[in-house]
Amino acid sequence: MAAHIEEVEAPHETFDTILILDFGSQYTHLITRRLRELNVYSEMLPCTTKISDLTWKPKGIILSGGPASVYDADAPHADEKVFELGVPILGICYGLQEIAWRSCKENVVAGDAREYGYADVAALRVGGPADRLFEGMEDASQVWMSHHDKLSKLPDGFATIATTPNSQFAGIAHMEKQLFGIQFHPEVTHTIRGKKLLENFAVTICGAKQNWTMSNFVDQEISRIRKLVGEKGQVIGAVSGGVDSTVAAKLMKEAIGDRFHAVLVDNGVMRLNECQQVQQMLQEHLNINLTIVDGSKRFLDGLKGITEPEKKRKFIGNLFIDLFEEEAIRIEKAAENTPNAGKVEFFLQGTLYPDVIESISFKGPSATIKTHHNVGGLPARMMNGQGLKLIEPLRELFKDEVRELGRQLGIPEDLVMRHPFPGPGIAIRIIGEVTPERVEIARKADHIFISMIKEAGIYNEMSQAYAGVDTNKAVGVMGDNRVYGYIIILRAVTTTDFMTAEAYEFDFALLRKIATRIVNEVDGVSRVTYDITSKPPGTIELE
Ligand SMILES: Nc1ncnc2c1ncn2[C@@H]1O[C@H](COP(=O)(O)OP(=O)(O)OP(=O)(O)O)[C@@H](O)[C@H]1O
Ligand SMILES: O=c1[nH]c(=O)c2[nH+]cn([C@@H]3O[C@H](COP(=O)(O)O)[C@@H](O)[C@H]3O)c2[nH]1
Ligand SMILES: NC(=O)CC[C@H](N)C(=O)O
Ligand SMILES: [Mg+2]
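Residues numbered from 1 in each chain as written. Chains lettered and ligands numbered in written order. Predicted model: local features only at pLDDT ≥ 70, side-chain atom pairs only at ≥ 80, totals over all residues. Heavy atoms only, no water.

1. A word on the sheet that holds strand 9 (residues 179–182)
Here is step 1 of the chain: Read from one edge of the open sheet, nine strands run 2-1-3-4-9-8-7-5-6, paired in mixed fashion. Each edge of the open sheet is held by one strand with a lone partner, namely strand 2 (41–46) and strand 6 (141–151). Adjacent strand axes in the sheet meet at a mean angle of 25 degrees, parallel and antiparallel pairs treated alike.
Here is step 2 of the chain: The sheet strands contacting helix 2 (residues 28–37) are strand 1 (17–22), strand 2, strand 3 (60–63) and strand 4 (89–92), and the helix crosses strand 2 at an angle near 165 degrees.
Here is step 3 of the chain: Each of strand 3, strand 4, strand 5 (108–123), strand 6, strand 7 (158–163), strand 8 (171–174) and strand 9 is contacted by helix 3 (residues 94–103), which is oriented at about 115 degrees to strand 4, the strand it contacts most. (Pairing = 2+ DSSP bridges. Helix = DSSP H or I, 4+ residues; strand = E, 2+ residues; numbered from the N terminus. Axes fitted to C-alpha atoms, helices over the stretch in contact; angles between N-to-C directions. Contact = heavy atoms within 4.5 Å.)

2. A closer look at helix 12 (residues 399–408)
Here is step 1 of the chain: Of all the positions in helix 12, only Lys399, Glu401, Val402, Arg403, Leu405 and Gly406 are classed as buried.
Here is step 2 of the chain: Along its buried surface, helix 12 packs onto helix 2, helix 5 (214–229), helix 6 (243–256) and helix 13 (413–416).
Here is step 3 of the chain: Downstream of helix 12 by one or two residues, Gly410 has phi in the positive range, about 80 degrees. (Buried < 20%, exposed > 50% of the residue type's maximum accessible area, 1.4 Å probe, protein only.)

3. A word on the environment of Phe449
Here is step 1 of the chain: Mapped onto the fold, Phe449 is located in helix 14 (residues 436–455).
Here is step 2 of the chain: C-alpha separation for the pair Phe449 and Leu542, spaced 93 residues apart in sequence, amounts to 17 Å.
Here is step 3 of the chain: Residues within four places of Phe449 in sequence aside, it is in contact with Ala465, Tyr466, Ala467, Leu490, Arg491, Ala492, Phe506 and Ile514.

4. Remarks on the site of ligand 3
Here is step 1 of the chain: The environment of ligand 3 is formed by Gly65, Gly66, Pro67, Ala68, Cys93, Tyr94, Gln97, Ser146, His147, His148, Asp149 and His185.
Here is step 2 of the chain: Gly66 places a main-chain nitrogen or oxygen 2.8 Å from an oxygen atom of ligand 3.
Here is step 3 of the chain: Taking His148, its main chain carries an N or O atom lying 3.0 Å from an oxygen atom of ligand 3.
Here is step 4 of the chain: About the coverage of ligand 3: the protein hides 92% of its 290 Å² of free accessible area.
Here is step 5 of the chain: When residues of the shell around ligand 3 are traced back to their parent elements, those giving at least two are helix 3 and strand 6.
Here is step 6 of the chain: At four residues, the largest contribution of residues to the shell around ligand 3 is made by strand 6.
Here is step 7 of the chain: Of the residues in the shell around ligand 3, the class split is four nonpolar, seven polar and one charged. (Near = heavy atom within 4 Å. Polar contact = N/O pair within 3.5 Å; in protein donor to acceptor, adjacent residues only side chain to side chain. Areas by Shrake-Rupley, 256 points an atom, 1.4 Å probe, with all protein chains shown as cover. Nonpolar A, V, L, I, M, F, W, Y, C, P; charged D, E, K, R; others polar.)

5. What about a nonpolar patch on the surface?
Here is step 1 of the chain: Together, Leu124, Val126 and Met175 make up an exposed nonpolar region whose accessible area comes to about 210 Å².
Here is step 2 of the chain: Along the chain, Leu124 turns up in the loop between strand 5 and strand 6.
Here is step 3 of the chain: Look at Leu124 and you get partly exposed, because its relative accessible area is 38%. (Patch = residues over 30% accessible without salt bridge, like charges linked within 9 Å, V, L, I, M, F, W, Y side chains within 5 Å. Salt bridge = Lys/Arg side-chain N within 4 Å of Asp/Glu carboxyl O.)

6. Describing the UniProt feature "binding site: ATP" (unreviewed entry) in the chain
Here is step 1 of the chain: UniProt records the feature "binding site: ATP" (unreviewed entry) for Ser240, Gly241, Gly242, Val243, Asp244, Ser245 and Thr246 in the present numbering.
Here is step 2 of the chain: With respect to the helices and strands, Gly241 occurs in the loop between strand 10 (234–238) and helix 6.
Here is step 3 of the chain: Apart from the residues lying within four places of it in its own chain, the contact partners of Gly241 are Thr246, Val278, Leu415 and Arg418.
Here is step 4 of the chain: Its location among the elements puts Gly242 in the loop between strand 10 and helix 6. (UniProt positions renumbered as here; feature names shortened; annotations may be inferred.)

7. Thoughts on the site of ligand 1
Here is step 1 of the chain: Surveying the vicinity of ligand 1 reveals 20 residues, the closest of which are Ala238, Ser240, Ser245, Val265 and Phe421.
Here is step 2 of the chain: One of the backbone nitrogen or oxygen atoms of Ala238 is found 2.6 Å away from an oxygen atom of ligand 1.
Here is step 3 of the chain: One of the side-chain N or O atoms of Ser240 is found 2.5 Å from an oxygen atom in ligand 1.
Here is step 4 of the chain: Protein contacts shield 92% of the accessible area of ligand 1, which totals 580 Å² for the unbound molecule.
Here is step 5 of the chain: Of all the elements in the fold, those that place two or more residues in the shell around ligand 1 are helix 6, strand 11 (260–266) and helix 9 (309–335).

8. Looking at the packing of aromatic side chains
Centre-to-centre distance and the angle between the planes together describe a pair of aromatic rings.
Here is step 1 of the chain: All chains considered together, the criterion is met by 16 aromatic pairs.
Here is step 2 of the chain: Here Phe23 and Tyr94 contribute two aromatic rings whose centre-to-centre distance is 5.0 Å and whose plane-to-plane angle is 35 degrees, an arrangement assigned as tilted. Separated by 71 residues along the polypeptide, Phe23 in the loop between strand 1 and helix 2 and Tyr94 in helix 3 bring together distant segments of the chain. This pair shows no difference in class: Phe23 is buried, exactly as Tyr94 is. (Phe/Tyr/Trp six-rings, centres within 6.5 Å; stacked < 30°, edge-to-face > 60°.)

Encoded structure:
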């Protein structure tokens, strides 16, 4: 999205990098994760990437798994130049089959049966560098398989370095070139010594330095930002109080001080007292002076009559950008004739690697379930080189890495561990039309719910929790009187990556207490329900 600015000393320029070519496996991003856990920097690109388009040289390449069969007419294949680059290559599953297929098309065939699940792998010693992949894992150990194709014979020049009862060629290595392939998946935790194997490849075989640490990243990122923004440039940042934008803001503040302008948009659908609390928190703990732009009337007026979820999201996304542009102009005007005078050229966002992965994956864009207000949805006028330029310091990081980075930057633990809160806020937690009355009800119910979760000491056991409103009404009875009120939907989930999620298992007595308090204390509510749908098929937010 921001190709024109992202190449200034990106991490792959500073850190030894293992390049992962993605053939579309569900686990490809886990390879990146595992390598980074080993303090080896790694990036993922589509399998069709042309080596001539790379501006940097990887220390090694991993070809991932994938759903296709290499022998199919429309199967994806890596650029031939990958094999001429002279760096070690490891093929995993489809990647292994790709290596074998290149040597001879008859080498890969459909197997008689699928092999899906555990297998015991035994390493074989063949002598020489080929033995390095399984070094230290000579004892039989459990691996995880997921394939139906198989190698029918060993490609020329290769030796078998591992077998399982079902897979004769569970591991192969070229006797001279640095070419390796394994049929199982080392990146999943079910493969007990998978990380050791990836370490053998990246560190021993490729010689990658294990220097990818958050403190190195902080230093490097701060100097990158300084170079990018220059001596005079000013940056406006969308800061919500959420983890991502807080961490991004702190980095920016360290890099350019008062030339960074943090702006929170009050969209009228924030939680109870949230804007003021965030402002105070950022000032107190991080010395960041946050400007609140009150857009609540414009948002709530505009939301009138909109019931369709995607319309809501698009309206909110567009108005966000309008307000930021207006604010950028105001900041420039205010800075005239001061030492900070200069153009506001950059717009800071807290985009994370999972968003980036989604948009670069070989699989192409998946079906649009919902449009997230920030990434990808920015209007073209912002990206055309005349408007604000996007700056996304976290675009290579995963959420837990961002949290680690936050700790490194001295951000307090309860801010670092805050549950995510979506940009469109309470608006996507009210099913149907958003009205000020409904927002108020959601706010109060949410406040009771989250406070009781915190008091019970279980906030960190769940990944996200909130109270939403069903705008249908139900009948109830209170103090002998009939009431006709809204239905509150409580939602609390556990998840590691927010792509799949499970409902949190509350202690029933606590859930009952929460329900009682909400009905008693929030006017206009007659019932409380707990949403136990997992994702999929549900999503975390209601809309
Ligand atoms: N009310 C807001 N005011 C200003 N910027 C916002 C607001 N809500 C969201 N944003 C911007 O949109 C980006 C994406 O929102 P998102 O909720 O994914 O991240 P976050 O709020 O920083 O962190 P978290 O995921 O923990 O909530 C944020 O990083 C921030 O730049
Ligand atoms: O900043 C955001 N802008 C959005 O438009 C948006 N929609 C969903 N979310 C968050 O994404 C995660 C997954 O949510 P869903 O299961 O509802 O898609 C959850 O953490 C949601 O809170 C958003 N965050
Ligand atoms: N997981 C994979 O990479 C599968 C590769 C190939 N599609 C097979 O079934 O064997
Ligand atoms: Mg947020």
